[in-house]
Every structure is written in structure tokens, then in C-alpha cells.
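Per-entry structural report
Here is how the chains run, residue by residue.
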Amino acid sequence: MALKRYLFAIVLALLLGFLVADAASAQQPTPSDDQVNAIAKQLYCPVCENIPLDVCPTTACAQWRELIRQKLTEGWNEQQIKDYFVQQYGARVIGTPPPSGINWLVYLVPPVAILAGVYILYRAFRSWKRPLAEVDIQPTSLEPPAETDTAQDEYIRRMEEEVRKR
Amino acid sequence: MSEIPTSPTELSSQKASPQWGRIVAWVAIIALLVVVAMVLLRKQQGPVAVGQKVPTFTLTTFDGQQIGPEQMAGKVVLLNFWASWCKPCEQEAADLEAVWRYYQPQEDVLFLGVAWTDTEKASLGYIDKFDITYPNGPDLGTTISQAYRTTGVPETYIIDKNGNLAYVKLSPFTSQAEIKAAIDPLLGP
Amino acid sequence: MVANLGFGTLIITFLVTIYGAIAAFIGARRNSPALVDSARNAMLLTFPLLSITALSVIFLLVNGHFEVKYVADVSSKSMPFYLRLTALWGGQAGSLLFWSWLMSAFVSAVMLRKWDRDREFLPWVILVSMITLAFFLILSIFVENPFVSFWQSPTGNITVSMFQPAGSTLFFPPDGNGLNPLLRHPGMIIHPPMLYLGFVAFVIPYAFAMAALITGRTDDRWIRITRRWTLVAWIFLSLGLVLGAWWAYDVLGWGGYWGWDPVEIAAFMPWLTGTAFLHSVMIQEKRGMLKQWNMVLIILTYDLVIFGTFLTRSGVLSSVHAFAQSAIGPLFFGFIGLTFLASFSLLSRRWNDLKSEVEISSWFSREALFLLNNLLFMGIFIVCFWGVIFPIISEALGIVGQGVPGLAGIFTGQKVTVGPPYYERATAPLFAGLLLLMGVAPLSAWGSSTSKTLGRLVWKPFIASLVVIVALLLGGMRSWPAILGFWLCSFVAFITIYEFWRAAWARHQGRGENLLRALWLLVGKNRRRYGGYIIHLGIVVMALGIIGIELFQTETQGTIPQGGELNLGKYTIRFDKLSVWDTNDGRNIALADVSVYKGGKFIGQLHPRRDYYYESQQPMTIAGLRSTPEDDLYVLLVDWQPLSTSAATFKIYHNPLVWWLWFGVGVLIFGTIVAAWPSTEREKVVITRSVPETSKA
């Protein structure tokens with residue numbers, strides 16, 4: 001019962017607070033839908049998977065968008081709002097994992113893998129490459145469509161392979 | 001049917017490096033498969049199972065109270081996940097409050113409501129609407145629901161006096177009797 | 001009755017598959033052509049059998065047999081005929097069956113070719129195909145049976161089972177749930193079949209690759225046989241992906257076409273490795289190199305295809321998490337794991353046989369550039385694969401944090417989202433690199449090209465493309481990513497067109513043919529090459545659209561009263577009217593009429609719509625779309641505030657150049673047809689020097 005009175009007081013205070021804020025914000029324009037969307041675009045629905053907050057049709061998402069609008073009215077900036085959402089709903093509301101702990105792997109593994117690929121390719125090239133002088137196929141540069149030459153070379157090579165196979 | 005011949009020198013140098021490369025490749029493949037298997041197994045587990053020790057957590061209520069393991073020790077705890085935007089939650093809200101008032105004088109039962117991915121204003125509105133008196137707080141960072149591996153709302157977990165999970169309900173309670181029937185056996189002698 | 005017929009043929013097909021696999025295996029080991037032929041007949045038999053099964057499901061769907069659970073799930077009385085047909089792939093059980101049906105069709109087509117030269121491959125191709133088919137049939141029979149029905153016991157309990165439980169009778173629900181509203185769109189109707197055709201077709205090169213490994217035919221015979229299949233698989237997969245993108249653009253209402261959702265990526269990954277494979281096999285054909293790598297690529301593509309099939313589960317917007325929790329997850333994982341290990345064991349056994357004497361003479365030779373192409377595709381693949389799998393791994397590894405308190409800070413086990421920002425930033429440079437390669441590599445000659453020879457071929461188109469940059473800068477463009485992108489597109493386009501021009505001109509000069517005829521004959525004689533060029537042009541055109549929408553999209557949203565206006569750039573829309581009514585197929589429609597003005601001039605009306613399906617409580621937004629090659633105006637009716645005739649909320653997207661994305665697909669299809677068209681005339685072989693002695697034989 002004391003709890004109930006306490007809750008009532010809180011709600012009343014909040015309502016009064018909103019009135020005051022509303023009076024104060026009457027001088028500022030209400031944050032437009034575009035301003036809300038600009039932030040909502042970067043956040044993701046905590047309930048559904050992989051759906052950005054600005055297009056999510058659920059009631060919950062509508063409430064969150066209103067929350068963004070309310071925070072904007074109170075003068076919060078974009079980073080503050082995003083941090084608030086992360087604090088309230090967890091790391092999954094932002095599009096890239098915060099770089100901490102194991103999440104570093106997200107940013108490290110692909111570049112490392114690609115570099116590893118480059119290295120493997122480089123080593124392979126080195127072992128395969130013969131200097132240009134040893135190779136006796138030099139396309140004469142003045143021939144226009146190199147295709148006809150290479151086309152014929154292709155055929156010859158194919159013939160050779162066929163012959164080699166039998 | 002013919003094998004592409006390789007010269008003897010190349011053959012011997014081939015044997016050395018592919019051995020090492022082959023081992024690495026196999027280890028990588030098997031490691032990947034093992035990790036994915038682990039992941040699938042864990043996913044298949046579903047929510048925390050009856051009989052297991054429950055994850056510990058501290059709930060900060062909307063009033064600012066901190067309710068942690070010390071406050072929950074030795075009591076039967078009913079942990080209810082809800083959200084203001086969740087229609088089925090409303091079905092059980094009145095029943096939960098009534099049952100809470102029934103057990104409250106006893107001091108060895110604790111009801112906790114966790115608002116999952118909800119906004120404060122809407123949560124308080126919901127609490128007000130159903131005149132809820134037991135402690136409620138937001139699931140900050142969705143840590144509590146993730147620890148319990150919940151898959152939605154409403155879900156209720158009843159924890160016995162020893163901290164083990166005794167009862168799980170993954171949908172709204174249909175009556176006060178159902179709730180009482182789940183709690184009474186845990187009250188003990 | 002029909003359900004039992006369908007299930008019966010399903011079981012028979014499964015038995016036939018097992019028989020075929022065993023017969024093929026024994027026939028190969030014992031060298032018995034009779035057994036192998038029997039296995040081949042078994043393979044051919046699966047298609048008519050599965051056709052009966054599939055037609056049974058279609059019959060049940062069309063005639064509203066709601067006592068069958070699958071029909072109740074995806075069909076309803078109010079659905080029109082064509083939707084009931086397509087409901088075959090509207091849910092998991094049906095789409096798995098559909099997959100099997102398509103697979104039996106494709107493999108039967110392969111069986112019907114002339115096998116005289118490749119008899120040794122036949123039993124193994126049959127074996128691999130049968131095993132794959134058997135797996136999907138096992139799923140259809142034991143896990144996701146489309147024929148299970150509702151039965152009501154005397155006590156009123158309703159159970160679901162294939163065969164009649166004792167004492168129960170068939171239960172006939174009055175109506176079904178109907179197809180998910182999001183699927184009731186032409187794009188979503190052909191997208192799954194196209195995707196599945198692409199998936200299924202990739203099994204064929206894989207089967208031949210395994211046959212090559214098993215029989216030791218490590219030359220490129222298997223590649224030559226499956227050359228057209230690979231191209232066919234590729235175009236269907238590409239179409240499937242693009243249709244999915246078009247559906248998303250048209251129906252999902254977020255003004256975009258690709259969301260980097262794990263389900264999309266799961267279908268995209270086999271495309272990446274498949275395209276790498278498509279190019280890489282050319283190296284093996286021309287130079288006998290990269291045999292090991294091609295095997296790796298096709299094995300990867302096959303397993304990714306299976307992975308993609310399960311993740312997408314045609315019709316249901318699934319997510320990685322949802323899939324992992326289903327009963328099918330472990331089964332599919334088992335199959336992928338087994339095939340992966342088995343394929344790599346085979347490859348490992350033949351590893352040294354696949355080595356060949358290779359020489360690359362220059363970093364700029366076509367082989368080198370193709371390898372770079374592969375590197376880039378694999379790079380994008382790694383980015384995608386890691387992005388999809390990381391959230392699940394990090395969540396699962398939370399168990400380490402729980403067990404070892406010291407590591408709890410690192411292994412938090414928290415759910416994370418790996419979203420578009422990650423994918424876009426990581427893949428953009430890789431795609432740009434591929435775009436550049438697409439222009440330069442075709443100019444490079446097999447065996448040798450130096451920066452000099454390449455430079456000589458490239459400088460004219462390069463200068464022309466610089467003109468484009470100047471024009472863009474003069475036009476006021478300041479976004480460097482856009483300038484780079486447009487420059488790349490124009491560079492590649494100019495090179496490719498120049499290639500056509502040079503060759504046609506040479507013919508014209510040399511043989512006096514008129515230019516058009518020269519072009520026709522040129523393309524006719526070199527279909528693969530020029531078809532490939534056209535495909536590249538198609539990609540360039542698509543890239544134009546992608547750059548336009550990704551870098552220059554603008555949007556706005558606002559609530560306006562009737563008669564009010566909303567402004568975006570030089571476009572203004574005026575809210576004329578809102579009509580709200582209930583239809584007789586269970587939805588509530590809110591239809592808005594808006595007039596569109598560009599620079600003050602009236603250019604037309606659009607009708608954005610919001611459908612709300614009562615049964616599934618799901619809203620669907622259909623944009624009012626005005627599409628021109630220059631830009632798209634995309635108007636949505638949004639229900640942030642309740643819709644009323646007095647005021648409504650609209651969201652406008654301005655998407656420049658998106659039209660070219662769809663147009664480019666047409667070019668792509670045309671190019672593929674050219675490349676894959678069978679040539680009727682024999683290839684002329686002109687040998688200008690004597691054939692070398694066959695000392696290596």
C-alpha cells in the first residue's frame with residue numbers, strides 16, 4: 001500500500017515533469033520523423049532479428065521510436081541515445097558488435113584471412129613463375145585482335161592436351 | 001585414366017610441404033565442424049531446464065531497489081518475464097498480482113517481474129494498470145533473459161528455496177490455482 | 001487417399017534411390033555394365049515417381065484438403081488458385097519435397113546424355129546424386145512429412161500423424177491458415193524455384209568432380225562435361241538472388257533490396273564460390289592448372305548449397321537462430337559434416353595426382369588475374385561466412401565465460417548483431433576490385449601478358465573513362481566513393497565495348513563484312529568469350545543501379561492532413577484520399593491516393609497501400625512506386641500514427657538509378673544464353689606449326 005502511494009507519486013511526478021518539459025520545449029520544434037529515423041536507422045529491433053528500428057512494424061518498435069523522440073526532445077545527442085539503448089537492451093541493438101572481448105575477432109578475422117590468402121597466392125606465384133625470357137610465346141604487339149592468335153593457340157594447346165591424354 | 005607425370009625432384013619437394021599444409025587444413029576443418037556442433041548443441045538446449053541451478057542476477061527495480069541473490073536466498077522465487085506491448089502477458093497479470101497478495105504475508109515467497117525490452121514509461125503504465133505491487137524492474141541489457149535463454153514473453157520461472165529451477169511456464173498462466181499449485185509444493189515443511 | 005498415394009510414392013522413390021546407390025557402387029567395383037545400367041534406370045525412375053508425389057501435394061493444396069497439416073498451414077479457402085499452386089513451396093515440408101523433385105529432374109536429364117566416352121564416371125555420378133537425393137527424401141519421410149494429417153480421438157484430442165491412430169478419425173479443420181502474406185507476391189512466387197534450380201544444378205558438377213576423384217580421371221574432362229551445367233546453375237542462382245532482392249524492394253517496404261540478413265547471405269555464399277568456380281575452371285581448361293583448387297571450390301559450393309537450402313527454408317523468413325533450434329538442424333549438420341569430410345578425404349587421396357606442371361610467366365597474365373579474381377571472391381565469402389557465424393559462436397562460447405570466471409569479461413555470451421555496416425564496409429573494396437578485374441582480365445592473354453601489352457590494350461578506354469570523371473566533377477558530384485564507382489563502371493564498359501568493336505572492325509577490314517554481320521559472326525564463333533563479355537556488361541549496369549541507390553538515396557517521413565504536401569528534393573507529394581475497407585479474403589486494406597509533382601509539375605498518381613491480415617495479425621506495406629531510368633520515387637503508407645482519413649503518415653524514398661539494377665539482370669540473362677548456347681558448327685582447328693612429339697605420353 002505504501003508502495004502503491006509511492007508509485008502514484010512517481011507517475012504524478014513524471015507527468016508533471018513532462019508538462020514542464022513540454023512547456024519548455026514549446027519553443028523548440030518537435031523532433032521530426034526524419035530526425036528520429038536518422039537514429040532509428042542505425043539501431044536494430046531488440047526482439048526481432050536484423051530488422052532496423054525505422055522500418056520495424058511492431059508495437060514494441062513503435063514505443064522505441066517514441067523513446068528516441070522523447071530523448072531528442074530532452075536534448076540528448078545521437079551518441080547518448082545509442083549508448084542508452086545499448087545499456088537498456090544489450091549490444092545487439094547496434095549494427096556492429098562493440099569492440100571488446102571476443103568481439104575483436106569480428107574485425108580481425110576477415111582481414112587476417114584475406115592477408116593469409118594473399119600470402120598463399122604470392123608463394124604459389126613464386127613457385128610457379130618462370131622468368132619471361134624462358135617462355136618463348138611472345139605475342140607480337142602489333143597484331144590487333146590478340147584473340148585470333150590466342151584462339152589459335154588455345155586450339156593448338158587443346159590439341160596437344162588431347163594428344164597427350166591418349 | 002592417365003596420371004599427370006611429375007618429375008622426381010618435384011615429387012620429393014612436394015612431399016615435404018603438403019604434409020604440413022595437409023595437417024593444418026584437416027585441423028582447421030575439424031575445428032570448424034566441432035565448433036559448429038557445439039553451437040548447435042547449445043542452441044538445442046532451449047531455456048534453462050528444471051533441476052538446474054539458476055543463473056544469478058541482480059534486478060534493479062523501477063523504484064531503485066536492488067534485489068540480488070541475498071534477497072532471494074531461502075525463498076521461493078517466482079520470476080516472471082513480461083512486456084507492456086505483449087498482449088498475452090496481460091492475461092496473467094491480474095492473476096499474478098492476486099496470488100502475490102495471497103503469499104506476501106508469508107515472507108518466504110518472492111515475486112519478481114522483469115520487463116523485457118520495454119520502455120520505462122510503458123512499463124510503469126502497465127504496472128499501474130494492473131496495480132502490481134511486487135518488485136518489477138527492467139531487464140537491463142537483456143542480461144537476465146539471455147542468462148535464462150528465454151525465447152519470448154510471457155515466461156515464468158519458479159525457483160525453489162535451494163536455488164534450483166523447479167517449474168517453467170512458457171506461456172501465460174490460465175488461473176490463480178495453477179500458480180498456487182506450482183508454488184505450494186515448494187514451500188516445504 | 002491422395003495423401004497415401006503421395007506418401008507411398010515417396011517411400012518407393014526412397015527405396016529406388018537406395019537400390020540405385022547400391023547398384024551403382026557394386027556395378028562400379030565389379031565392373032558390371034548391367035548393374036550400372038540398372039542404377040541409371042533407377043535414377044530415371046525417380047523423376048516420374050517424385051512427380052506423382054509432388055502432384056499429390058499440389059492436388060491436396062488446390063482442393064483445400066485441410067485435414068492434411070501442410071495444407072492447413074499454407075493454404076486457405078480464400079486463396080486464389082495460383083497461390084494454392086505455389087503454396088507447394090510455401091512451407092518447409094513442401095519446399096523440401098520440391099527440392100527433391102527438381103533434383104530428380106536435373107539428374108535424370110544428366111542421365112539422358114551420351115555417356116559413351118565417360119562410362120567410368122557414370123556409376124559415381126549416380127552414387128553421389130542418389131546419396132544427396134536420399135538425404136532429402138529421408139527428411140521428407142521422417143522429419144518434415146508433407147502428408148501428415150490431423151486425427152481426432154474419441155475423447156476429442158487432436159493429434160498429427162501419417163497413419164491412422166487406433167480409434168481416431170480424420171479431422172477436417174474448416175479452413176487453413178493461408179500463405180504468409182509476405183509471400184503473396186509474384187517475386188516471392190518465382191524466387192524460391194529459381195533459387196532451388198540454381199542450388200540443385202550445382203550438385204551436378206559436384207557429382208562429376210567426385211567421380212573424377214574416385215576414378216582418378218584427374219584431367220579436365222569432368223569440367224568440360226559440366227561446363228554448361230555450371231553456367232545454368234549460375235544463372236538460376238543469380239536470378240534467384242535478384243528476384244529475392246526485387247521482392248524485398250517491392251514488398252518489404254524499407255526502400256532497399258538487400259539487408260545483409262543471414263538468410264540472404266546463406267543463399268549468397270554459394271553464388272560467391274560458384275562464380276569463383278566458374279572462372280577458375282577456365283584456367284584448368286586452358287592451362288591445366290589449379291585442379292586442386294577447383295576441387296576445393298566445388299566441394300565448398302556443394303556444401304554451401306545444402307547449407308543455403310536449409311537456412312532459407314523457402315517461404316518462411318527464418319533466421320540463423322531459429323534454424324539452429326529446429327529439429328532439422330542436427331540432421332543437416334550431420335549431412336554437411338559427413339559430405340565435407342568425405343569429399344576432402346577423396347581430395348586428399350588424389351592430391352598429388354592433381355598437381356600439374358604449371359608456369360605463370362607474368363603477374364598480368366590471365367591466369368594470374370583469374371587467381372586474383374578468386375582471391376577477391378573468397379575474401380567476400382570469408383567476410384560473409386564469418387559475419388553469419390560469429391553471433392552464434394560468440395553466444396555459444398559464453399559457456400566458457402560461465403565456467404571460467406576470469407574469462408567472463410571476454411566470453412560474455414551476449415547476443416550481438418553483425419549487420420549491414422560490417423558487411424558493406426568490408427566488402428565494398430573487394431567488390432570494387434572485382435569490378436576493375438572484370439574490365440582488365442579479359443584483355444589479358446593466357447600464358448603471358450605484361451603490363452606493357454595490357455597497357456597498350458587499355459589506354460584508349462582508360463582515357464575515355466577519365467572523361468567521365470571530369471564530366472561528373474563538372475556536374476557537381478563530390479562524393480569520392482561515387483566518382484570511383486562510376487569511373488570503374490565506365491572503364492569496364494568502355495573496355496568491353498571496345499573489345500567488341502576492335503574484333504568486329506578487324507573482320508570488317510579483313511574480310512569486307514559489314515559491321516553488324518561481323519559482330520554477329522564474331523559472337524557466334526566465340527560464344528563463351530563474348531557471352532561472358534555481355535554478362536560482365538550486365539554486371540556493370542547492375543553496379544550502376546547499386547551505386548545510385550546505395551550512395552544517393554534520400555528519404556523523408558511526415559504526417560500530413562488530407563490535401564497536405566510532403567516534400568523530398570524536387571519531388572512533392574500531395575495526400576488526396578484515403579480509403580479503408582475490409583476484403584473478403586481476411587484483410588483490411590488502407591489505400592491512399594497521392595499526386596506526385598516534380599519541380600512543381602504534376603507527373604502522376606501513386607497508390608501506396610497497407611494490407612493488414614487479421615488472421616496472422618501481420619501488416620504488409622506495398623509502396624506506390626514510380627520507376628524511371630533516372631530514379632525511383634517510392635512512397636509508403638506508414639502506420640506510426642493510426643491511419644485516418646484526416647491525417648496519414650507517409651515515407652518517401654528517392655532512389656536514383658535503381659532501374660538499372662533490374663535492367664542489368666536482363667543483360668545478364670542475355671549474356672548467359674549467348675555463352676551457353678550450344679554451337680552447331682565444329683570448331684575450326686588451324687594448326688600453323690607441327691604438332692610436338694608426344695614424348696610425355
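In this text, all values refer to a predicted model and were calculated from it rather than measured experimentally.

Section: the overall build of chain B
- On a plain count of helices and strands, chain B comes out with six helices and seven strands.
- If you list the helices and strands of chain B from N to C, you get α-β-β-α-β-α-β-α-β-α-β-β-α.
- Within the span of chain B, comprising 189 residues, buried residues form 47% of the whole.
- For chain B, the accessible surface area stands at approximately 8800 Å², while carbon and sulfur atoms represent 61% of it.

Concerning the environment of C489 of chain C
Residue and element names in this part refer to chain C.
- With respect to the helices and strands, C489 occurs in helix α18 (residues 480-511).
- Since its relative accessible area comes to 2%, C489 is described here as buried.
- Residues C489 and L544, 55 residues apart in the sequence, show an inter-C-alpha distance of 6.9 Å.
- If we ignore the near neighbours within four places in the chain, the residues touching C489 are L435, V540, A543, L544 and I547.

Considerations on the domain arrangement of chain C
- Considered domain by domain, chain C is made up of domain 1 (1-179) and domain 2 (552-659).
- Domain 1 of chain C and domain 2 of chain C are separated by 44 Å when their C-alpha centres are compared.

Digging into the pattern of salt bridges
All names here are of chain C.
- On inspection of all chains with the given rule, the structure shows 29 salt bridges over all chains.
- With its nearest N and O atoms 2.7 Å apart, the salt bridge here joins D118 to R221. With a gap of 103 residues between them, D118 in the loop between α5 (92-111) and α6 (122-143) and R221 in helix α9 (residues 221-251) connect regions that are remote in the sequence. For the pair D118 and R221, one class covers both residues: buried.
- Of the charged contacts in the structure, one is a salt bridge between E285 and R227, with a shortest N-O distance of 2.9 Å. Of this pair, E285 sits in helix α10 (residues 262-287) while R227 is found in helix α9, placing the two residues 58 residues apart along the sequence.
- By relative accessible area, which is 4% here, E285 ends up buried.
- Assessed through its relative accessible area of 26%, R227 is described here as partly exposed.
- Through salt bridges with shared partners, a single network forms among D220, R224, R227, E285 and R528.

Overview of the nonpolar core
- Grouped together as the largest cluster of nonpolar side chains are 297 residues, with contacts concentrated most on I68 and F85 of chain A, Y148 and I183 of chain B together with W222 of chain C.
- With 19 residues, the single largest contributor to this core is helix α14 (residues 366-396) of chain C.
- The contact partners of W222 of chain C, leaving out residues within four places of it in the chain, are F121, P205, F208, A209, A212, R217, F277, Q284, M295 and I298 of chain C.
- Grouped together as the second largest cluster of nonpolar side chains are 18 residues, I573, F575, L633 and L637 of chain C included.

A look at the state of the cysteines
Residues and elements named next belong to chain A.
- With the rule as written, the count across this model stands at two disulfides over all chains.
- Put simply, C56 and C61 are joined by a disulfide, and their sulfur atoms are 2.3 Å apart. Sign of the S-S torsion, about 70 degrees for the bond between C56 and C61, identifies this disulfide as right-handed.
- With a relative accessible area of 0%, C61 lands in the buried category.

Here's the deal with the sheet that holds strand β11 (residues 624-627) of chain C
Residue and element names in this part refer to chain C.
- With antiparallel pairing, the four strands of this open sheet are ordered in space as β4-β13-β12-β11. For this open sheet the edge positions go to β4 (554-561) and β11, each flanked by a neighbour on one side alone. Neighbouring strand axes in the sheet, compared pairwise and without regard to direction, differ in orientation by 15 degrees on average.
- Judged from the eight bridges that link them, strand β12 (residues 631-638) and strand β13 (residues 647-656) form a sheet pairing that is antiparallel.

Considering the sheet that holds strand β3 (residues 169-170) of chain C
- Spatial strand order, β2-β1-β3 (chain C): three strands in an open sheet with antiparallel pairing. Of all the strands in the sheet, just β2 (158-161) and β3 of chain C have a single pairing partner and so form its edges.

Concerning the side chain of H279 of chain C
- Tracing the backbone through its elements, the reader meets H279 of chain C in helix α10.
- Leaving out residues up to four positions away in the same chain, H279 of chain C has contacts with F370, N373 and H536 of chain C.

Remarks on a nonpolar patch on the surface
- Taken together, the side chains of Y119, I120 and Y122 of chain A together with W363 and F364 of chain C present a nonpolar region at the surface, about 530 Å² in accessible area.
- Its place among the elements puts W363 of chain C in the loop between α13 (328-350) and α14.

What counts, and where the lines are drawn
- Residues numbered from 1 in each chain as written.
- Chains lettered and ligands numbered in written order.
- Predicted model: local features only at pLDDT ≥ 70, side-chain atom pairs only at ≥ 80, totals over all residues.
- Heavy atoms only, no water.
- Helix = DSSP H or I, 4+ residues; strand = E, 2+ residues; numbered from the N terminus.
- Buried < 20%, exposed > 50% of the residue type's maximum accessible area, 1.4 Å probe, protein only.
- Areas by Shrake-Rupley, 256 points an atom, 1.4 Å probe, with all protein chains shown as cover.
- Contact = heavy atoms within 4.5 Å.
- Domains from an automatic or database assignment.
- Salt bridge = Lys/Arg side-chain N within 4 Å of Asp/Glu carboxyl O.
- Core = buried A, V, L, I, M, F, W, Y, C linked by side-chain atoms within 4.5 Å.
- Disulfide = S-S within 2.5 Å.
- Pairing = 2+ DSSP bridges.
- Axes fitted to C-alpha atoms, helices over the stretch in contact; angles between N-to-C directions.
- Patch = residues over 30% accessible without salt bridge, like charges linked within 9 Å, V, L, I, M, F, W, Y side chains within 5 Å.

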